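Residues per chain, in single letters:
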Amino acid sequence: MKNVGIIGWRGMVGSVLLDRMKTEGDFKKITPHFYSTSQAGQKGPSIDGVDYTLLDANSIESLKEMDIIISCQGGDYTKQVHPQLRQSNWNGYWIDAASSLRMNEDAVIILDPVNRNVIDQAIEKGIKDFVGGNCTVSLMLMGVGSLFNENLVEWMTSMTYQAASGGGARHMKELLTQMQVIGNNAAHMMDGDILKLDAAMSKLLSSHEINTDCFGAPLALNLIPWIDSALENGQTREEWKAFSETNKILGRQENPIPIDGTCVRVGALRSHSQALTIKLNKSVEIKTIEEMIQSSSEWVEVVENTPEATREKLCPRYVSGSLKTVVGRIRKMNLGDEYLNIFTSGDQLLWGAAEPLRRMLNILL
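So, here is what we can say about the structure in this document. (Residues numbered from 1 in each chain as written. Predicted model: local features only at pLDDT ≥ 70, side-chain atom pairs only at ≥ 80, totals over all residues. Heavy atoms only, no water.)

### Regarding the overall build of the protein chain
What counts here: Secondary structure elements are defined from DSSP: runs of H or I of at least 4 residues count as helices, runs of E of at least 2 residues count as strands, and each element is numbered from the N terminus. In this description the radius of gyration comes from C-alpha coordinates, and the expected globular size is given by 2.2 Å times residues to the power 0.38. Any residue under 20% of the maximum accessible area for its type is buried, any over 50% is exposed, and the rest in between are partly exposed; the area is computed with a 1.4 Å probe on protein chains only. Only heavy atoms enter the contact rule, under which two residues are in contact if any of them lie within 4.5 Å. Note on areas: Shrake-Rupley with a 1.4 Å probe; residue coverage comes only from the protein chains shown.
Within the protein chain, the secondary structure is distributed over twelve helices and 15 strands. Its C-alpha radius of gyration of 22 Å places the protein chain within 12% of the 21 Å reference for a compact globule of 365 residues. Its C-alpha atoms put the protein chain at 65 × 55 × 45 Å along the principal axes. The buried share of the protein chain, reckoned over its 365 residues, is 52%. In the protein chain, once contacts between residues fewer than 6 apart in sequence are set aside, the share between residues at least 24 apart is 69%. Accessible surface computed for the protein chain: about 17000 Å², of which carbon and sulfur atoms make up 48%.

### Quick look at the side chain of Gln 178
For Gln 178, the location among the structural elements is in helix H6 (residues 169-187). Discounting chain neighbours no more than four positions away, the residues touching Gln 178 are Ile 210, Asn 211, Thr 212, Ala 217, Pro 218, Leu 219 and Ala 220.

### Brief notes about the environment of Asp 228
Condition: Any N or O atom pair separated by 3.5 Å or less is treated as a polar contact, with the protein-specific requirement of one donor-capable and one acceptor-capable atom, and with residues adjacent in sequence counted only for side-chain atom pairs.
As for its position among the elements, Asp 228 is in the loop between helix H7 (194-205) and helix H8 (237-249). Since its relative accessible area comes to 37%, Asp 228 is described here as partly exposed. Once residues lying within four places of it in the same chain are set aside, the contact partners of Asp 228 are Thr 236, Arg 237, Glu 238 and Lys 241. Here Lys 241 takes part through its side chain, which lies 3.4 Å from a polar atom of the side chain of Asp 228.

### Let's talk about the sheet that holds strand E5 (residues 55-56)
Using the following cut-off: A strand pair is defined by DSSP finding two or more bridges across the two strands. With axes taken as lines fitted to C-alpha atoms, and helix axes fitted only over the stretch in contact, angles between N-to-C directions fall between 0 and 180 degrees.
Taken together, seven strands build an open sheet; the order of strands is E5-E2-E1-E6-E7-E9-E8 and the sheet is parallel. Only two strands of the sheet have a single partner each, and these edge strands are E5 and strand E8 (107-110). Judged from the two bridges that link them, strand E2 (residues 30-36) and E5 form a sheet pairing that is parallel. By the bridge assignment, Tyr 35 is partnered in E5 with Leu 55. In the packing of helix H4 (residues 112-125) onto the sheet, contacts are made with strand E7 (93-96), E8 and strand E9 (129-132), and the angle to E8 comes to roughly 160 degrees.

### Looking at H4
Rules: By definition here, a helix of n residues has an expected span of 1.5 Å times n minus one. Values of bend correspond, residue by residue, to the angle between axes fitted over the seven residues ending at that residue and the seven starting there.
Helix length check: H4, at 14 residues, gives a terminal C-alpha distance of 17 Å against a target of 20 Å (1.5 Å per residue), a shortfall beyond 12%. Along its length, H4 reaches its greatest deviation from straightness, about 35 degrees, at Val 118. Among the residues making up H4, those that are buried are Asp 112, Val 114, Asn 115, Val 118, Ile 119 and Ala 122. Residues of H4 that are buried in the fold lie against E8, E9, helix H5 (135-149), H8 and helix H12 (350-364). Taken from the residues just after H4, Gly 126 is the one with a positive phi, measuring 90 degrees.

### Remarks on a nonpolar patch on the surface
Spelled out, the test is: Patch criteria: residues need more than 30% relative accessible area and no salt bridge. Like-charged residues are merged within 9 Å; nonpolar side chains of Val, Leu, Ile, Met, Phe, Trp and Tyr are merged within 5 Å. Whenever a carboxyl oxygen of Asp or Glu lies within 4 Å of a side-chain nitrogen of Lys or Arg, that contact is scored as a salt bridge.
On the surface, a nonpolar cluster with roughly 250 Å² of combined accessible area is contributed by Leu 176, Met 179 and Leu 269. In this structure, Met 179 sits in helix H6.

### A word on the pairing of strand E12 (residues 271-280)
The element E12 is extensively covered by neighbouring structure, given that ten of its ten residues are classed as buried. Two strands pair when backbone bridges link them, and strand E10 (residues 153-162) and E12 are joined in this way by eight bridges, in the antiparallel orientation. When the sheet's bridge partners are listed, Trp 155 is paired in E12 with Lys 279.

### With respect to the pairing of E10
Looking at chain direction, E10 and strand E11 (residues 259-265) are connected through seven bridges and run parallel. By the bridge assignment, Met 156 is partnered in E11 with Ile 259.

### Topic: the nonpolar core
Where a protein is soluble and globular, its nonpolar side chains tend to be buried together. Applicable threshold: Residue types Ala, Val, Leu, Ile, Met, Phe, Trp, Tyr and Cys, when buried and joined through side-chain atoms within 4.5 Å, form a set referred to as a nonpolar core.
Counting 69 residues, the largest nonpolar core has Phe 130, Leu 147, Phe 148, Ile 293 and Ile 342 as its most contacted members. A total of nine residues in this core trace back to one element, the largest contributor, which is H12. Not counting chain neighbours up to four residues away, the residues in contact with Ile 342 comprise Val 144, Leu 147, Gln 274, Ala 275, Leu 276, Ile 278, Ile 293, Val 327, Gly 328, Arg 329 and Ile 330.

### As for unusual backbone geometry
We note that Asn 89 has phi near 70 degrees; this positive angle belongs to a residue other than glycine. For Asn 89, the location among the structural elements is in the loop between helix H3 (75-87) and E7. Residue classification places Asn 89 among the exposed residues on the basis of a relative accessible area of 70%. Despite not being glycine, Asn 151 shows a phi value in the positive range, around 60 degrees. Position of Asn 151 among the secondary structure elements: in the loop between H5 and E10. What makes Asn 151 partly exposed here is its relative accessible area of 49%.

### Description of the pattern of salt bridges
According to the stated counting rule, one finds 18 salt bridges in the structure shown. As a salt-bridge pair, Asp 112 and Arg 359 come within 2.7 Å of each other at their nearest N and O atoms. Here Arg 359 lies in helix H12 and Asp 112 lies in helix H4, a separation of 247 residues in the sequence. On the basis of relative accessible area, Asp 112 is assigned to the buried category, the value being 10%. Notably, a salt bridge pairs Asp 228 with Lys 241, separated by 3.4 Å at the nearest N-O pair. Residue Asp 228 is located in the loop between H7 and H8, and its partner Lys 241 is located in helix H8; the two are separated by 13 residues in the primary sequence. Since its relative accessible area comes to 10%, Lys 241 is described here as buried.

Below, the structure written as C-alpha cells:
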C-alpha cells in the first residue's frame, strides 16, 4: 500500500478530512503517517485501533519516503517545504488545501465531479501537484458547473454570503462569542420598547464589549462586504479568485469566461451561499436548466422555487455537515430571456475544502 503523509490533521479542515476518511474506509487502502510541525514524537491519532506517533513535518528526509502527501497545514508551510521537497528530487504526489500552489502552471485545482477530465489529463502528463480550490468557487461549480461544461455561460456575477468558518475555527468562535454578548445584553430588555432595544444593540456593536480581533468588525447583527486583501483594480483577492480559479478548474485559461462579483462575510457559522446572475449564450428553458443541474452529480439538489421549499432547504441550516449542494431560485430575469437568477448553498468545510482532497487521494490510489 502507498505511504501517505498527512500534515495539518488537527486543524479544522484536517479534522473534517480525517472524519471523512474514516467514514469512507480510506485508511484501509493506505499506510498513513501523521506529521506535526511542533509535536514530533508525541502521540498522534488512533485510526482503526492503531495508535500513531507523530513524525516531523519539517524533515525533508522523512517526507521523501511518502508516495503521497496531503497538507492541510496552510500556505506558509507549503511555501517553505514544498520547494525543498521538489528540489530533493521527490517525485511523489502533493495534495494541498492551501492556495499557495493553485495558480502554478504545473498544478491542477481539483474538483473531480466538475473537472475529472482535466485531472485525468494532468495525471497522464505527469503533473504531481493537486490543490483544492477556493471554497466559494468550488461550491458554486458543484451547483452550476454543468452549465459551464455545456458551454452555456457567456458571463456570470456572484454575490456571496460567506460563513465565519471561511476564516477558521477562531473566527467561528468569535462569532459565537459576539452572539453570546449580544444575547446577554438584550435579555433584560426584551419586554421593553423595541426602539430602546435597537438603540442599545447599535451602541453595543460600536463598543469595546464586542470582541472583533478576527474579523476587525462585529459580524453578529452585521455583515462585512470585504474578504481577503485588496487588489489594485478595487477587487478583493477573494473576488479575483472567482474568475481565475473557475477558469483554471474548467481548463479554460486560454478562453476564459468573465466572472466578477462581491464577496460578503455574514453571520452563518459553517456554510457559504451565493446569489448568481448568469448570462447564457442562448435561451434555454428553465426545465432543461433544472434537469442539467440535478443530473450533474448525486450531491446536487434542485430546490423548487417556492417560499416553503426555499425556507426549508435553500440555506446553510439545511446543508451544514452534509455533502449536499442545493440550487434554487432558478428563474429567468427581467433583463432578458438569456439571463438566469440562481441561488446556491453548500458546506464550506466539505466540498469547499476537505472532500476534494479525499477524492483526489482515491483517484491517485
